[in-house]
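The residues making up each chain are set out below.
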Protein chains: 2
Amino acid sequence: RAERLRAYVPPGRAAPRPFELGHAEIDGRLMTNWKRLAARALSGRSRLAWSYGDPQGEPALRRAIADYLAAARGVRCRAEQVVLTAGTQQGLSLVAQLLLDPGAVVWVEDPCYRSAVDILGAAEARIVPVAVDEGGLDVAAGRGPSPSLVYTTPSRQYPLGMAMPLARRRILLDWAEASGVWIVEDDYESEFQAPGRMLPSLQGLDRALRVIYLGTFSKLLFPSLRLGYAVLPEDLVAPFAAARHLADRQSSGLVQAIMTSFMESGDFARHLKRMRARYGERQAFVIDLLRRHLGGLIEVRPVESGMYLTAWLPSDRDDRAVAAALADSGVTVLPLSALILETARPPGLVLGYTGHSEAAIVRAVERMAAVLDPATGLINRPKLAVRKDRMPV
Amino acid sequence: RAERLRAYVPPGRAAPRPFELGHAEIDGRLMTNWKRLAARALSGRSRLAWSYGDPQGEPALRRAIADYLAAARGVRCRAEQVVLTAGTQQGLSLVAQLLLDPGAVVWVEDPCYRSAVDILGAAEARIVPVAVDEGGLDVAAGRGPSPSLVYTTPSRQYPLGMAMPLARRRILLDWAEASGVWIVEDDYESEFQAPGRMLPSLQGLDRALRVIYLGTFSKLLFPSLRLGYAVLPEDLVAPFAAARHLADRQSSGLVQAIMTSFMESGDFARHLKRMRARYGERQAFVIDLLRRHLGGLIEVRPVESGMYLTAWLPSDRDDRAVAAALADSGVTVLPLSALILETARPPGLVLGYTGHSEAAIVRAVERMAAVLDPATGLINRPKLAVRKDRMPV
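Notes on the structure in this doc start here. (Residues numbered from 1 in each chain as written. Chains lettered and ligands numbered in written order. Predicted model: local features only at pLDDT ≥ 70, side-chain atom pairs only at ≥ 80, totals over all residues. Heavy atoms only, no water.)

### Notes on unusual backbone geometry
Heads up, the condition is: Under the DSSP-based scheme used, a helix requires at least four consecutive residues in state H or I and a strand at least two consecutive residues in state E, with every element numbered from the N terminus.
Cis geometry is found at the peptide bond from Tyr158 of chain A to Pro159 of chain A, where omega equals 5 degrees. The residue Pro159 of chain A is located in the loop between strand 4 (149-152) and helix 6 (166-179) in this model. Backbone geometry at Glu189 of chain A places phi at a positive 60 degrees, although glycine is not the residue there. In this model, Glu124 of chain B sits at a positive phi of 65 degrees, which is unusual for a non-glycine residue.

Below, the structure written as structure tokens:
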């Protein structure tokens with residue numbers, strides 16, 4: 001097994017560069033709040049469990065999560081169905097341990113979040129890509145034997161951004177019930193979308209107890225938080241909690257104590273609201289810049305909200321070559337083709353627009369213009385050939 | 001796989017009862033230090049990585065760990081060989097993932113730390129118990145096919161407490177080199193022993209790069225910390241770090257930042273010294289109480305230091321029945337036979353003497369006297385029949 005793991009190289013650490021993904025904005029108010037809550041927890045004025053806590057996670061925190069998910073995402077669960085994790089990564093890794101034998105067939109969306117593919121691959125699953133269309137994942141598009149599990153991002157397909165319509169959600173759930181398939185719903189970045197405009201989660205529509213709902217606080221607060229949650233059908237709670245306990249016992253008591261107070265005090269809701277507004281403004285800023293400086297070279301459309309945009313390149317461009325050229329000039333972009341398993345798409349760049357200063361973004365867009373523009377000679381400038389009807393969504 | 005995990009029930013949470021194991025003493029100085037360091041980290045005055053950090057762990061923390069282990073445990077490593085974990089539990093779980101195929105033979109000491117057996121069992125290893133003698137694990141006592149891996153606690157055998165002599169350490173290492181066997185050295189509670197009186201770790205004697213050294217900060221600081229480390233032979237560092245990253249990415253950035261400052265400031269060394277002294281006093285207090293109140297019913301000998309004692313019962317007692325009777329009267333003791341895989345030992349009780357108040361300990365010893373004494377009628381009082389030459393160590 002060591003040999004397989006040698007092939008996996010975790011991303012290295014470096015100072016954030018635009019347009020790296022997943023960098024939250026850390027503002028003074030968050031720092032002040034956390035400082036105050038950490039001091040409270042460490043002085044015994046809140047429920048910090050110094051000793052081993054509840055293996056599923058602190059009950060008060062699980063209650064706060066269940067309430068939040070019910071209100072924001074239409075998740076229907078009791079606190080007893082919530083198990084804390086170190087994030088979506090661990091959630092999926094434990095699900096794979098629990099539900100997949102080596103060689104088990106797993107459907108993933110194509111294109112797909114890279115870490116999900118890595119984790120399922122490490123669990124020796126047989127990964128079958130299913131190309132998404134304008135409604136996201138369509139079970140009718142799946143081929144081959146019926147899977148044991150489907151990994152999906154229905155609220156906002158990663159990285160293409162479409163939401164799965166209600167009718168298709170129901171079809172997916174009916175099919176899962178009839179076929180005995182598990183569904184892993186990764187509700188990635190759903191917290192940044194305006195709640196009233198979103199469809200309820202698959203979990204909230206599920207009557208057959210086939211859905212495992214995964215979420216994380218790391219996107220909303222900061223990546224090194226390492227705190228997330230899984231919401232499980234009753235019958236899977238105990239084995240999932242057992243797998244978590246065997247893997248690493250539990251999440252940090254201090255972090256759980258701070259997070260509990262942060263949610264109970266309303267600071268969490270206020271932070272969410274503040275970040276939603278800030279990320280919305282930042283997105284508008286980036287789109288305006290890209291359109292003004294790269295109008296003929298890149299096509300970008302506003303999305304509901306979140307932390308990234310997918311920008312389209314002319315169809316004859318090689319997005320990996322563009323990303324490599326940009327990397328040389330200090331700008332990090334994720335080429336869409338790096339997320340594609342099988343079904344070709346027009347070339348694109350996934351741009352994380354949060355956690356970078358406006359000045360850094362301006363410089364990055366200038367570099368993009370230099371790299372994409374023929375005057376620099378790095379990449380030839382073709383006529384922008386992307387037409388609406390050829391876009392994948 | 002879910003079925004196998006259903007059989008594993010993580011320990012529930014309850015208020016600490018004497019003599020539960022592994023409860024650190026949380027004193028005012030530790031709380032004050034951590035409050036100060038948390039505030040520093042959260043105000044940006046120390047190296048808190050809000051964003052994803054180094055997947056192996058913060059370099060400054062790994063340097064501090066390497067320095068500490070070199071000085072205290074004779075571990076010979078560079079910071080580059082240290083990978084942070086969420087504790088020994090995760091360390092062993094990742095080692096199993098990395099090095100064991102299902103059905104791989106693993107030798108464990110008999111008796112053995114229960115969690116280690118659980119983790120190796122969950123990895124589908126074929127567990128072969130090897131009875132320890134007065135020198136701990138002896139490879140000559142192993143039977144059957146050569147193992148892939150040996151799990152051992154050479155500094156202080158858990159739970160019997162003996163140290164493996166130097167000559168036997170060399171034999172174990174030579175054999176591991178000749179047979180290509182991996183050794184997992186769990187250096188459980190070694191931090192509480194006076195450094196000058198301890199043998200260097202197996203890792204420090206290993207020339208053949210067969211030893212994986214596991215340690216944790218949770219015993220020394222507090223269990224809900226969830227921070228530990230693995231020291232790996234160069235060749236295993238990358239795949240182990242990859243397995244950690246796939247499992248849950250990394251440890252909490254905030255906890256790493258606090259711990260780094262705690263070690264660099266010398267607070268860690270001072271805390272260690274303070275706890276060593278306090279646990280030594282607490283041990284003497286408990287031994288005195290046990291001898292005075294349970295002189296004819298239990299035999300207990302001082303150990304170098306640490307957080308627990310193993311007390312011996314008369315040979316015709318059933319330690320599980322004693323533990324059950326004590327549980328009914330509010331006292332938690334771990335029966336030695338619960339840690340035995342195969343080779344019978346005289347009955348005993350593992351008593352965690354730290355993290356409980358003196359008053360709670362006095363009450364617990366009174367209850368033990370009531371339960372073990374014939375006057376209560378709960379358990380018959382035989383003559384103490386344990387002789388020195390029949391003790392397992």
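Having seen the model, we can carry on.
### Re the pattern of salt bridges
Applicable threshold: Whenever a carboxyl oxygen of Asp or Glu lies within 4 Å of a side-chain nitrogen of Lys or Arg, that contact is scored as a salt bridge. To sort residues, take the accessible area from a 1.4 Å probe on protein chains only and compare it with the maximum for the residue type: under 20% means buried, over 50% means exposed, and anything in between is partly exposed.
Considering all chains together, one arrives at 33 salt bridges over all chains under this definition. For Arg274 of chain A, the salt bridge is made with Asp27 of chain A, and the minimal N-O distance between the two is 2.9 Å. One end of the pair, Arg274 of chain A, is in helix 10 (residues 267-294); the other, Asp27 of chain A, is in the loop between helix 1 (2-6) and helix 2 (28-42), with 247 residues separating them in the sequence. The shortest N-O distance in the salt bridge between Arg282 of chain B and Glu358 of chain B comes to 3.9 Å. With Arg282 of chain B in helix 10 (residues 267-294) and Glu358 of chain B in helix 12 (residues 358-372), the pair connects residues that are 76 residues apart, well separated along the chain. Owing to a relative accessible area of 11%, Arg282 of chain B belongs among the buried residues under this scheme.

### Describing the relation of the copies chain A and chain B
Which entries qualify depends on this criterion: When the copies are superposed, the least-squares fit takes in the C-alpha atoms of residues with a pLDDT of at least 70 in both. Any pair of residues with heavy atoms lying within 4.5 Å of one another is described as a contacting pair.
Under the fitted operation, chain A is carried onto chain B by 0.0 Å of movement along the axis and a turn of 180 degrees, and the coordinates agree to an RMSD of 0.0 Å. Expressed as an axis order, the relation between the two copies is that of a two-fold axis. Interface residue correspondence from chain A to chain B reaches 100%, placing this contact among same-surface, isologous pairings.

### A short note on the interface of chain A and chain B
Threshold: The term buried area means the drop in 1.4 Å probe accessible area that two parts suffer when joined, counted for both and summed. Any N or O atom pair separated by 3.5 Å or less is treated as a polar contact, with the protein-specific requirement of one donor-capable and one acceptor-capable atom, and with residues adjacent in sequence counted only for side-chain atom pairs. Amino acids are sorted into nonpolar (Ala, Val, Leu, Ile, Met, Phe, Trp, Tyr, Cys and Pro), charged (Asp, Glu, Lys and Arg) and polar (every other residue, Gly among them).
Contact with chain A, which involves 64 residues of that partner, is made by 64 residues of chain B. Between chain A and chain B, a total of about 5800 Å² is buried, with carbon and sulfur atoms accounting for 61% of that surface. Linking chain A to chain B there are zero salt bridges. Across the chain A-chain B interface, the total number found is 15 residue pairs in polar contact (both at pLDDT 80 or more). Mapped onto the side of chain A that touches chain B, the elements with two or more residues apiece are helix 1, helix 2, helix 4 (88-99), helix 5 (114-122), helix 8 (234-248) and helix 9 (253-264) of chain A. Considering every element that reaches the side of chain A that touches chain B, the biggest residue donor is helix 8 of chain A, with nine residues. For the side of chain A that touches chain B, the per-class residue count stands at 35 nonpolar, 16 polar and 13 charged.

### Examining the sheet that holds strand 8 (residues 299-300) of chain B
Residues and elements named next belong to chain B. Here is the rule: DSSP bridges decide pairing: two strands pair if at least two such bridges lie between them.
As summarised here, the arrangement of the four strands in space is 8-9-11-10, forming an open sheet in which the pairing is antiparallel. Across the chains shown, the open sheet's two edge strands, defined by having one partner strand only, are strand 8 and strand 10 (334-335). Note that strand 8 and strand 9 (residues 308-312) share two bridges and pair antiparallel. Along strand 9, the bridge assignment pairs Val300 with Ala311.

### Section: helix 8 of chain A
Each α-helix winds once per 3.6 residues, and so residues spaced three or four apart point in a common direction. All names here are of chain A. The criterion, for reference: Take the residue count of a helix, subtract one, and multiply by 1.5 Å to get its expected span.
Taking 1.5 Å as the rise per residue, helix 8 with 15 residues should run 21 Å; its terminal C-alpha atoms sit 22 Å apart, in good agreement. Most of helix 8 sits inside the fold, with 12 of its 15 residues counted as buried. Every buried residue belonging to helix 8 is among Leu236, Val237, Pro239, Phe240, Ala241, Ala242, Ala243, Arg244, His245, Leu246, Ala247 and Asp248, and all of these are buried. Residue Arg249 follows helix 8 closely and has a positive phi angle near 70 degrees.

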